[in-house]
Amino acid sequence: MEYVASLAFAEEKDRQDPLHKFRDQFYFPQRNGKDAIYLCGNSLGLQSKNVKAAIEQELADWQQCAVEGYWLAKNPWLYYQQYCSKPLAGILGASQQELTVMNTLTVNLHLMMLSFYRPNKERFKVLMEAGAFPSDQYAVETQVKFHGYDPESAILEVSPRPGEHLIRLEDILEIITRESDSLALVLFGGINYYTGQFFDIPAITAAAHKAGAYAGFDLAHVAGNIPVELHNWEVDFAVWCSYKYLNGGPGAVGGAFVHEKHASNRDFLRLGGWWGNEESARFKMEKGFVPKKEAEGWQQSTAQVFNMVSLKASLELFEAAGIGALRSKSEGMTNYLEFLLQQLNGINFQIITPENCNERGAQLSLLFQNKGKEIHQRMTDAGIIVDWREPGVIRVAPAPLYNSYQDVFHFYEIIANIASNA
């Protein structure tokens, strides 16, 4: 693709974009009397315009049906999680039986680790990426302590090589092989939140299994961003949030994947709750937990209807757009963003996200050695919404469901102006 650093080029790309119409289905925050240049969907997705009516429908059903809404609502609440898991199946490459939405990301991570991290004297170590999102670090640390092990010896981290920002796949695989006798679990973020690096999930999973360990992934920055094939890749479990690329709203319900080889096994250890119990026996109120033979067997509490409704509304748009088409547009916009950033002079930063679009999603991470916070503030003052991550990165993420090539070009224009006045 031959890119051109001009507004006319960006306008033409938007005219050719079959997904451009979806932009009108979202609300943009206002800055300086106009739509902000919002490139922060990797942190919080925008509100889709169908959310209000969706919430009002549930309010009306609660008003008119009360408890009978579990059976008589327009969208019966008894099955509410399935209204989200069905469209997620295509996005995550899984059967609906392998998916559920419940709780929040870190709660789900703890629940999955209680099932998949069962250390013993020989196998007790967890391998994760250095610089993983803090919540993941805290979850692993406390799980290790819960089982009576020392995090210093039980948690292994793979880091970038000296002078590098990205983790090499061969280094991950080498540690898995070296620690094959002591490794219980390999747990990676699908995409590193700081660098934007997309890890080779099938290769890491295969290596973990060869070593006799389980493989799990935090897909917070993957879900709705990059289509994956969790079932075919034989991932054991995955968790994610839905408030980033999936536009589920602040603090929205999380999700979990459990491969069918585990989910279909009622004897596979999990913590019980009545919403995970077999539906045919749920309301008998009897002793004896009989989990559903699917990922929903990990559910514990009644479906959080009002915490799922915004996600359900957004996923309707995902289904209409198609994750394949969204990924194709995302690659084009992020490649264009990279091209434009390479035209800049007078501003000192480095793109630390992989150049290969197969190793990244929508996000580019710009590392500033100095003046990063000052530049971020100037972007904010100019109507750009992106986020800052310590110690020195501005993350920029054009989301294909609502961002445009013109958004990307106007971002570049503003950055160029900042650079010329630096």
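Everything numeric here is computed off the predicted structure, so don't read it as measured data.

Q: I would appreciate a short explanation of the packing of aromatic side chains in the present structure.
A: Two aromatic rings are characterised by how far apart their centres lie and by the angle between their planes. Counted under the stated rule, the structure contains 25 aromatic pairs. Ring geometry for Phe349 versus Phe368: centroids 5.6 Å apart, planes at 35 degrees, classification tilted. Of this pair, Phe349 sits in strand β11 (residues 349-351) while Phe368 sits in strand β12 (residues 364-368), and the two are 19 residues apart along the sequence. On the basis of relative accessible area, Phe349 is assigned to the buried category, the value being 19%. The rings of Tyr3, Phe9, Tyr336, Phe339 and Tyr405 are connected pair by pair, giving a single aromatic cluster. Sitting above the plane of the Phe268 ring, Arg118 keeps its charged end 5.0 Å from the centroid. Its guanidinium or amino end placed over the ring of Trp298, Arg270 lies 3.8 Å from that ring's centre, counting from NZ or CZ.

Q: How do you make sense of the UniProt feature "binding site: pyridoxal 5'-phosphate" (unreviewed entry) in the protein when you look at a structure like this?
A: Per the UniProt record, "binding site: pyridoxal 5'-phosphate" (unreviewed entry) is found at Leu105, Thr106, Phe133, Pro134, Ser135, Asp136, Asp218, His221, Tyr243, Trp274 and Thr302. In terms of the greatest pairwise C-alpha distance, the residues named above, spread along 198 residues, do not form a single cluster, extending to 31.1 Å across. Take Asp136: it is sitting in helix α6 (residues 134-146). Asp136 gets classed as buried once you look at its relative accessible area, which sits at 5%. Within the secondary structure layout, Thr302 lies in the loop between α11 (279-282) and α12 (305-321). Leave out the neighbours within four places in its chain, and Thr302 touches Tyr70, Trp274 and Trp275. A polar atom in the side chain of Thr302 sits 3.3 Å from the side chain of Trp274.

Q: Sorry, what's going on with the UniProt feature "modified residue: N6-(pyridoxal phosphate)lysine" (unreviewed entry) in the protein here?
A: Taking the UniProt record as the reference, the feature "modified residue: N6-(pyridoxal phosphate)lysine" (unreviewed entry) is found at Lys244. Along the chain, the position of Lys244 falls in the loop between β9 (237-240) and β10 (255-258). Owing to a relative accessible area of 10%, Lys244 belongs among the buried residues under this scheme.

So, how was this worked out
Residues numbered from 1 in each chain as written. Predicted model: local features only at pLDDT ≥ 70, side-chain atom pairs only at ≥ 80, totals over all residues. Heavy atoms only, no water. Phe/Tyr/Trp six-rings, centres within 6.5 Å; stacked < 30°, edge-to-face > 60°. Helix = DSSP H or I, 4+ residues; strand = E, 2+ residues; numbered from the N terminus. Buried < 20%, exposed > 50% of the residue type's maximum accessible area, 1.4 Å probe, protein only. Lys NZ or Arg CZ within 6 Å of the ring centre and 35° of its normal. UniProt positions renumbered as here; feature names shortened; annotations may be inferred. Contact = heavy atoms within 4.5 Å. Polar contact = N/O pair within 3.5 Å; in protein donor to acceptor, adjacent residues only side chain to side chain.

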